[in-house]
Amino acid sequence: MKLLIRVPNWVGDAVLSLPAVRALRRAWPEALLAVLARPWVAPLYRRESAVDQVLLHTAAPGAGDWRGKWRLARSLTS
């Protein structure tokens, strides 16, 4: 099983999300647990032992960067 978690953008919210990430790991210990994070919060999740993989979400926010969002979506399906 593979789980992808889109984590919060802001550091404080990201810190508060860690118990939920750990709970998912406990619930599915055999799963590949990946997080999709903005570059400025990614290091927090890289240090977390419950997370197997950190994927960077670099597309610009909002509707302006459709190319970046499509690139991200394609990378998730491969």
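What counts, and where the lines are drawn
Residues numbered from 1 in each chain as written. Predicted model: local features only at pLDDT ≥ 70, side-chain atom pairs only at ≥ 80, totals over all residues. Heavy atoms only, no water. Helix = DSSP H or I, 4+ residues; strand = E, 2+ residues; numbered from the N terminus. Rg over C-alpha atoms; globule rule 2.2 N^0.38 Å. Buried < 20%, exposed > 50% of the residue type's maximum accessible area, 1.4 Å probe, protein only. Areas by Shrake-Rupley, 256 points an atom, 1.4 Å probe, with all protein chains shown as cover. Contact = heavy atoms within 4.5 Å. Core = buried A, V, L, I, M, F, W, Y, C linked by side-chain atoms within 4.5 Å.

Asks: Can you help me understand the overall build of the protein in this one?
Replies: The helix and strand tally for the protein stands at three helices and three strands. Start at the N end of the protein and walk to the C end: the helices and strands fall as β-α-β-α-β-α. A compact globule built from 78 residues should have a C-alpha radius of gyration of about 12 Å, and the protein, at 13 Å, falls within 12% of that. Oriented by its inertia axes, the alpha-carbon framework of the protein measures out at about 35 × 30 × 15 Å. Among the 78 residues that make up the protein, the fraction classed as buried is 35%. Here the protein displays about 5,200 Å² of accessible surface, and carbon together with sulfur accounts for 62% of that area.

Asks: Please clarify how the environment of Trp 28 should be interpreted in this entry.
Replies: When you line up the elements, Trp 28 lands in the loop between helix H1 (11–27) and strand S2 (32–37). For Trp 28, a relative accessible area of 34% translates into the label partly exposed. On a C-alpha basis, the gap between Trp 28 and Leu 3 in space is 9.0 Å, while along the polypeptide they are 25 residues apart. Apart from residues lying up to four places away in sequence, Trp 28 is in contact with Met 1 and Leu 3.

Asks: Help me out: how do you make sense of the nonpolar core in this one?
Replies: The tendency in soluble globular proteins is for nonpolar side chains to be buried side by side. Membership of the largest hydrophobic core comes to 14 residues, with the highest contact counts inside it found for Val 21, Val 35 and Tyr 45. Where this core is concerned, the elements lending two or more residues are H1, S2 and helix H2 (42–46).

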